[in-house]
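Here are the chains, one letter per residue:
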Amino acid sequence: MNAKIFSLVIALVFATVSVAEETPAKKKRRGGAAGNNVANSVLKQLAKVELTEEQKTKIKELAKKSATEMKAAREEAGITPELMKKRAAALKEVRESGEKKKMADALVEVNKKIGLTEEQVAAFQKTSSARAELVKSAIALLSDEQKEKLPKGMLRAKKRGGQQANRKAAKKKKEEQ
């Protein structure tokens, strides 16, 4: 009797395991959820400042616009999710190598290492700028009290975003002349 129960339990365990292996894992939603990913990322960074519901809604709206721009730039340059993962892994590898490098230098090294085209590098820069603008816009929505609670890294990012915008404007003005 015990042998029958034992074999029945073993059979159930194997059946459960085989059914679990056959069921495909849930895939992350793409497309419409992309704006949410960008928004969620920024909202997570701003969690300490205790955003109001109105601020969260505005940030999500801004993120949808940014996500659309980013997606268009990536598609235009032929950047696939696999290529993005490859770049992220290579960047992580460079950072963990122990060498102290500026982020710009590390990115140049990574871009060469994985063989990105100039168009793809420009697309990555465009997406990075769009994200920086999103963060800058999100910070602009904050009250002075909330800005005091911001992590130091976000304050630096805000300043860099402004500097990048100033450089772009100066470059554009110079090209027009």
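Residues numbered from 1 in each chain as written. Predicted model: local features only at pLDDT ≥ 70, side-chain atom pairs only at ≥ 80, totals over all residues. Heavy atoms only, no water.

## Here's the deal with the nonpolar core
- Counting residues in hydrophobic clusters, the biggest one holds 19 residues, and the most contacted among them are Val42, Leu46, Leu51, Ile59 and Leu150.
- Elements with a contribution of two residues or more to this core: α2 (32–45), α3 (53–77) and α6 (118–140).
- Among the elements that make up this core, the one with the highest residue count is α6 (5 residues).
- If sequence neighbours within four positions are ignored, Leu46 has contacts with Leu51, Ile59, Ala138, Leu142, Leu150 and Met154. (Core = buried A, V, L, I, M, F, W, Y, C linked by side-chain atoms within 4.5 Å. Buried < 20%, exposed > 50% of the residue type's maximum accessible area, 1.4 Å probe, protein only. Helix = DSSP H or I, 4+ residues; strand = E, 2+ residues; numbered from the N terminus. Contact = heavy atoms within 4.5 Å.)

## Section: α3
- Over its 25 residues, α3 runs 36 Å from end to end, which matches the ideal 36 Å to within 8%, given 1.5 Å per residue.
- Where α3 is concerned, the buried positions are Gln55, Ile59, Ala63, Ser66, Ala67, Met70, Ala73, Arg74 and Ala77.
- Just past α3, the residue Gly78 takes up positive phi, approximately 75 degrees. (Expected span 1.5 Å × (residues − 1).)

## Quick look at unusual backbone geometry
- Positive phi outside glycine occurs at Glu50, with the angle close to 55 degrees.
- With respect to the helices, strands and loops of the structure, Glu50 is situated in the loop between α2 and α3.

## Looking at the confidence of the model for the protein chain
- Of the residues in the protein chain, 67% have a pLDDT of 70 or more, and the chain-wide mean is 76.
- A low-confidence stretch, residues 15–23 stays under pLDDT 50, and its non-local contacts, those more than four residues away or across chains, total 0 contacts.
- Taken together, the stretch residues 25–33 has pLDDT below 50 and engages in 1 contact with residues farther than four places along the chain or on a different chain. (pLDDT = per-residue confidence, 0-100.)

## Regarding the pattern of salt bridges
- For the structure shown, the criterion picks out 4 salt bridges.
- Where Lys58 meets Glu54, a salt bridge forms, and the shortest distance between an N and an O atom there is 3.3 Å. Pair noted here: Lys58 and Glu54 are both in helix α3, with a separation of 4 residues, about one helical turn.
- On the basis of relative accessible area, Glu54 is assigned to the exposed category, the value being 54%. (Salt bridge = Lys/Arg side-chain N within 4 Å of Asp/Glu carboxyl O.)

## Digging into the packing of α3 against α6
- One can describe the packing of α3 onto α6 by two numbers: an axis separation of 9 Å at closest approach and a directional angle of 175 degrees. By the angle between their directions, the pair α3 and α6 is classed as roughly antiparallel. Only Glu119, Gln120, Ala123, Lys126, Thr127, Ala130, Arg131, Leu134, Ser137 and Ala138 of α6 make contact with α3, whose side of the interface consists of Ile59, Leu62, Ala63, Ser66, Glu69, Met70, Ala73, Arg74, Glu76 and Ala77. (Axes fitted to C-alpha atoms, helices over the stretch in contact; angles between N-to-C directions. Parallel < 35°, antiparallel > 145°, perpendicular 65-115°, else oblique.)

## As for the packing of helix α4 (residues 81–96) against helix α5 (residues 103–114)
- Packing of α4 against α5 leaves a shortest axis separation of 9 Å and a crossing angle of 125 degrees. Between α4 and α5, the crossing angle belongs to the class labelled oblique. In the crossing of α4 with α5, the sense of the turn from one axis to the other is right-handed. Residues Leu83, Lys86, Arg87, Ala90, Leu91, Glu93, Val94 and Arg95 of α4 touch α5, and the partners they reach there are Met103, Ala106, Leu107, Glu109, Val110, Asn111, Lys113 and Ile114.
- Class assignment for the residues of the contact of α4 with α5 results in 9 nonpolar, 1 polar and 6 charged. (Left-handed = near helix turned anticlockwise from the far one by under 90°. Nonpolar A, V, L, I, M, F, W, Y, C, P; charged D, E, K, R; others polar.)

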